[in-house]
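Coordinates in review
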Amino acid sequence: MRGDFWRRLKPTWLGREDIEGEVDDELAFHLEMRERELVDAGVDPEEAGDRARRAFGDVDATRRRYMVRRGRTLRRSRARGWLVEFEQDLRFGARGLRRRPGFTLMAVVVLGLGIGAPTTVFTLVDTIFFERPEHVEEPHRLVRVFRSYEPGSVGGTLQHADYQYYRQNATTLAGFAGYGGEGAASFRVGDGPPRQLELLFTSDNYFSVLGVPMALGRSFTAEESAVPGRDAVAVVAHGFWVRAMGRDPGVLGSEVTLNGIPHTVVGVAPEGFTGISPVEAAPDVWVPFAMQGALNRIPADDYAWWDRHPQFMSRWIDGVGRLADGVTFEMAEANLVGLGTALDHVHKGPQETVAVTRQFLYRPSQEATLTTLSTILLTVVVIVLLVAAANVAVLLLSRATTRHREMSIRTAIGAGRGRIIRQLLAESILLGGLGGVLGVGVAFLSSEVASSLLPLTFRADFRPDLQVLAAAAGLTLATSVLVGLVPALHSVDRGGASALGERSARGGSVVGGARARNVLVVSQIALSMILVAGAFLFGRSFQAATAEDLGFEPTGVLAARVDLQGLGYTEPQGVAFLRDAVAAVQGLPSVRAVTTSNRVPFRGDWSTEIPAPEGATPNSPEDRITFGLNSVGSGYFDVVGMEIVAGRPIGAEDAQDSEPVTVVNETLAELLWPGQDPLGRILPELGQPYRVVGVVRDATYYEIGEEQWAHAYFSTEQVYRPIVTFMVQTESPPAPLAQPVQDAL
């Protein structure tokens, strides 16, 4: 049977000229047989030839048709023959690897680790940059719009009035939506107890611009976003509907109380939709822009969050647009930048405009950080893979020098160079395949762990998907060929150079093998040196980042956030609660000190802008000074480890009925009173005469590496803010105290 198969398979190795001759012979045979039949019937031989060709039809067309069919058959037969040979090579290679289990195990483990590292990084990069938010229609047509302070700066949020301006005048966008003001809020469903959720304010067209359909009900209407505080409506997330509302089928038209204000549920978002950015908090509820002032209890005369204010401004909106049909990114960018340049208002800087980006998942600073980190990681893992491949190539080359007699026998009985190379490559593909399987397993186990080391927290599942698995398969195949090619070429060069047992050939093989090994070893050492140097520099950078002086102590403090406004507390009740709660938590075992703060580092922003007084140094356009604000309790600076460099901190004596006081940081003191003593001076333009009683050392407030911000601190009792974070300094690890602190509050 096997001999019959090979006889049938033999014609498949014919070339094109052989096929043409074979087809011509067969056509001539059919014509000759037909001509003989006519001659035997009494037809003249010349006429018989003509009649035979006429009966046969167009010989050239028939010839071309049979050439196509024969070529197709040839290709199929060749493929079958190649597969049969490859299967034999794999079986032979598997038997050889089983006879050398130590060698096989070492090679597979080295390749598995070498392939697992890039597969893990592929998973991170794929999830970070190529995974698109669920239910968003044609995300590649979305663009982000940011305020640009000056050419080259990107990342600022928009005022509500600016957002409306761009929405009404952008001719290259099919729609321009906005969202912002995210944060925690208290909620109550029916008569249930108050709890906390993540709230996000959006424009009325937010869901329609993103192309997100509602699972139930509808999204917001333009009328519901027209008048501040008038229409208390909400769209709830699918998870919130299931978790907090029991998947109530009658949810539409029901009420959910947010920060004490009943809101009518008009829609339920589809399952899986949690916003467009994986690094932003997943909202539980979306409400219209117009409800921001009411939900945050902003005074009526402070309307900067909604409209232009002659003295104050509030920038809090991220813009996202959808390109109109037939519009390119460049056209939209030119249109929006032109609008930004033409916009004019009292708070606008001389070079201020907008910046448009294709990357809608992240802010520009986040994208830059992730891109740089991804590039570094990809470079490192490629070097790791090359080192692993060089290791295994050296092992295979060493093994090849011991197989000289085997290769000589194969050559002597007629095996060609290509046949031997294919057989040796089959062995390396077996090793690579096993290593690839191990590498994918490593990626599945390590991707989530690796994602936890990223500088941002992601709402994503870091597991290899089909794209990553396809890339891993391609990488495995390429590595297998790379690893096996040098040993295979060495084997055929030396194996066929001599007869069996010829000492000179063996000597040449040893010399050639040593030379190839030396090249691989030198390459391996060079790559390892690069890897070690890179690891050293990366470690130095990581150490510098972790050892950077933040201006406060980031460890040993437990934070617990409370929304007193949502719980129904008035300002006097809230102040009384803060006093009692601090005393209650202070009495818990292992608690060293307790304080309160409206803001914590790296979370949220509260700032203001004032005209620069005479002699001051402005840090914003139009001769203005911008600085951050915080309302803190007694002992705050000691709890967080911030150093008072002059005067005193905020203390228990700074009560509601005492003189308004403030503590400023070094940067703000130098801006307002350059070269002068700030103690005893009045912080201007804030409605009340806040006297400076202390100066605190500068700290990091929003992100590592930021330019130094000016900052001012006030007493919680004098500048009451209903959303408060209790900061608990502990004598032991803080995590076990989370539940006792919650119970005390």
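Anyway, here's the lowdown on the structure attached to this text. Worth saying up front: this structure is predicted, and the values here are computed from it rather than measured.

**Considering the overall build of the chain**
Of the regular secondary structure elements, the chain holds 19 helices and 21 strands. Taking all 745 residues of the chain together, 46% fall into the buried category. Within the chain, contacts between residues separated by at least 24 positions form 78% of all contacts whose residues are at least 6 apart in sequence. When the accessible area of the chain is evaluated, it comes to approximately 36500 Å², of which 57% is carbon and sulfur surface.

**Here we look at the nonpolar core**
Generally speaking, soluble globular proteins have nonpolar side chains that are buried together. One finds Phe240 and Trp286 to be the most contacted residues of the largest nonpolar core, which totals 84 residues. Per-element accounting of this core gives the leading share, six residues, to strand 3 (residues 173–189). In contact with Phe240, other than residues within four places in its own chain, are Phe187, Leu197, Met245, Val256, Asp284 and Val285. Ranked by size, the runner-up nonpolar core spans 20 residues in total, among them Ala616, Val664, Leu683 and Val692.

**As for the environment of Gln565**
Position of Gln565 relative to the elements: it lies in the loop between strand 12 (557–563) and helix 16 (571–586). Taking the C-alpha atoms as reference points, Gln565 and Ala185, 380 residues apart in sequence, are found 8.9 Å from one another. Setting aside anything within four residues of it in sequence, one finds Gln565 in contact with Asn259, Leu295, Asn296, Arg297 and Pro722.

**Considerations on the side chain of Arg322**
Checked against the element boundaries, Arg322 lands in strand 10 (residues 315–323). Within the buried core, Arg322 has no salt-bridge partner, and the shortest N-O distance to an opposite charge, that of Glu138, equals 4.2 Å. One polar contact links the side chain of Arg322 to the main-chain carbonyl oxygen of Glu138, over a distance of 3.2 Å.

**Quick notes on the pattern of salt bridges**
Applying the stated rule across the entire model yields 14 salt bridges. For the salt bridge of Glu224 with Arg218, the shortest nitrogen-to-oxygen distance reads 2.8 Å. By relative accessible area, which is 8% here, Glu224 ends up buried. Of the charged contacts in the structure, one is a salt bridge between Asp461 and Arg463, with a shortest N-O distance of 3.7 Å. Given a relative accessible area of 46%, Asp461 falls into the partly exposed group. Salt bridges here are not isolated pairs; linked through shared partners, they connect Arg648, Glu653 and Asp654.

**Concerning the packing of aromatic side chains**
Here the structure, examined in full by the defined rule, presents 22 aromatic pairs. With a centroid separation of 5.1 Å and 80° between ring planes, the pair formed by Tyr206 and Phe207 is classed as edge-to-face. The burial state of Tyr206 is the same as that of Phe207; both residues are buried. Summarising the aromatic geometry, the rings of Tyr690 and Phe714 are spaced 4.9 Å apart at their centres and angled 70° between planes, so their arrangement reads as edge-to-face. Residue Tyr690 is located in strand 19 (residues 690–696), and its partner Phe714 is located in strand 20 (residues 711–715); the two are separated by 24 residues in the primary sequence. Like Phe714, Tyr690 is buried. One aromatic cluster in this structure is built from Tyr179, Tyr206, Phe207, Phe220, Phe273 and Trp286.

**Observations regarding the side chain of Thr662**
Looking at the element boundaries, Thr662 is found in strand 17 (residues 661–665). Judged by relative accessible area, which is 0%, Thr662 ranks as buried. Contact partners of Thr662, with chain neighbours within four places excluded, come to Leu683, Tyr690, Arg691, Val692, Val693, Gly694, Ala712, Tyr713 and Phe714.

**Observations regarding unusual backbone geometry**
The residue Asn259 is not glycine, and still its phi comes out positive at about 50°. On the accessibility criterion, Asn259 (2% relative accessible area) is buried. Backbone geometry at Ser590 places phi at a positive 70°, although glycine is not the residue there. Topologically, Ser590 is positioned in the loop between helix 16 and strand 13 (591–597). Assessed through its relative accessible area of 32%, Ser590 is described here as partly exposed.

**Digging into the pairing of strand 10**
Burial runs high along strand 10: eight of the nine residues are buried. Inspection of the sheet shows strand 1 (residues 142–148) paired to strand 10 by four bridges, in the antiparallel sense. Across the sheet, Val145 pairs through a bridge with Gly319, a residue of strand 10. Of the pairings in the sheet, the one linking strand 2 (residues 158–159) to strand 10 comprises two bridges and is antiparallel in character. Bridge pairing in strand 10 places Gln159 opposite Arg315. Where strand 3 lies against strand 10, seven bridges are found, and the strand directions are antiparallel. Across the sheet, residue Ala177 finds its bridge partner in strand 10, namely Val320.

**Remarks on helix 8 (residues 238–245)**
Residues His238, Phe240, Trp241, Ala244 and Met245 constitute the buried set of helix 8. For helix 8, the arc enclosing every buried residue in end-on projection is 165°, short of the 170-degree limit, so these residues lie on one face.

**What to know about a nonpolar patch on the surface**
Taken together, Leu105, Val109, Leu113 and Leu438 make up a surface patch of nonpolar side chains, about 340 Å² in accessible area. Take the nonpolar patch: its biggest share by element is three residues, from helix 5 (residues 101–130). Mapped onto the elements, Leu105 comes out in helix 5. A relative accessible area of 56% means that Leu105 is categorised as exposed.

**Points about the pairing of strand 11 (residues 353–357)**
When you tally the buried positions in strand 11, you get five out of five residues, the bulk of the element. As paired strands, strand 1 and strand 11 are joined by five bridges and run antiparallel to one another. By the bridge assignment for strand 11, Arg147 is matched with Val354.

**Thoughts on the packing of helix 6 (residues 160–169) against helix 10 (residues 329–342)**
One way to put it is that helix 6 packs onto helix 10 with a least axis distance of 11 Å and a crossing angle of 130°. By the angle between their axes, helix 6 is oblique relative to helix 10. When you trace helix 6 past helix 10, the crossing you get is right-handed. Residue-level contacts link Tyr165, Tyr166 and Asn169 of helix 6 to Leu336, Leu339, Gly340 and Ala342 of helix 10. Here the residues of the contact of helix 6 with helix 10 sort into five nonpolar, two polar and no charged.

Conventions and cut-offs
- Residues numbered from 1 in each chain as written.
- Predicted model: local features only at pLDDT ≥ 70, side-chain atom pairs only at ≥ 80, totals over all residues.
- Heavy atoms only, no water.
- Helix = DSSP H or I, 4+ residues; strand = E, 2+ residues; numbered from the N terminus.
- Buried < 20%, exposed > 50% of the residue type's maximum accessible area, 1.4 Å probe, protein only.
- Contact = heavy atoms within 4.5 Å.
- Areas by Shrake-Rupley, 256 points an atom, 1.4 Å probe, with all protein chains shown as cover.
- Core = buried A, V, L, I, M, F, W, Y, C linked by side-chain atoms within 4.5 Å.
- Lys, Arg positive; Asp, Glu negative; His and termini not counted.
- Salt bridge = Lys/Arg side-chain N within 4 Å of Asp/Glu carboxyl O.
- Polar contact = N/O pair within 3.5 Å; in protein donor to acceptor, adjacent residues only side chain to side chain.
- Phe/Tyr/Trp six-rings, centres within 6.5 Å; stacked < 30°, edge-to-face > 60°.
- Pairing = 2+ DSSP bridges.
- Arc of directions from axis to C-beta.
- Patch = residues over 30% accessible without salt bridge, like charges linked within 9 Å, V, L, I, M, F, W, Y side chains within 5 Å.
- Axes fitted to C-alpha atoms, helices over the stretch in contact; angles between N-to-C directions.
- Parallel < 35°, antiparallel > 145°, perpendicular 65-115°, else oblique.
- Left-handed = near helix turned anticlockwise from the far one by under 90°.
- Nonpolar A, V, L, I, M, F, W, Y, C, P; charged D, E, K, R; others polar.

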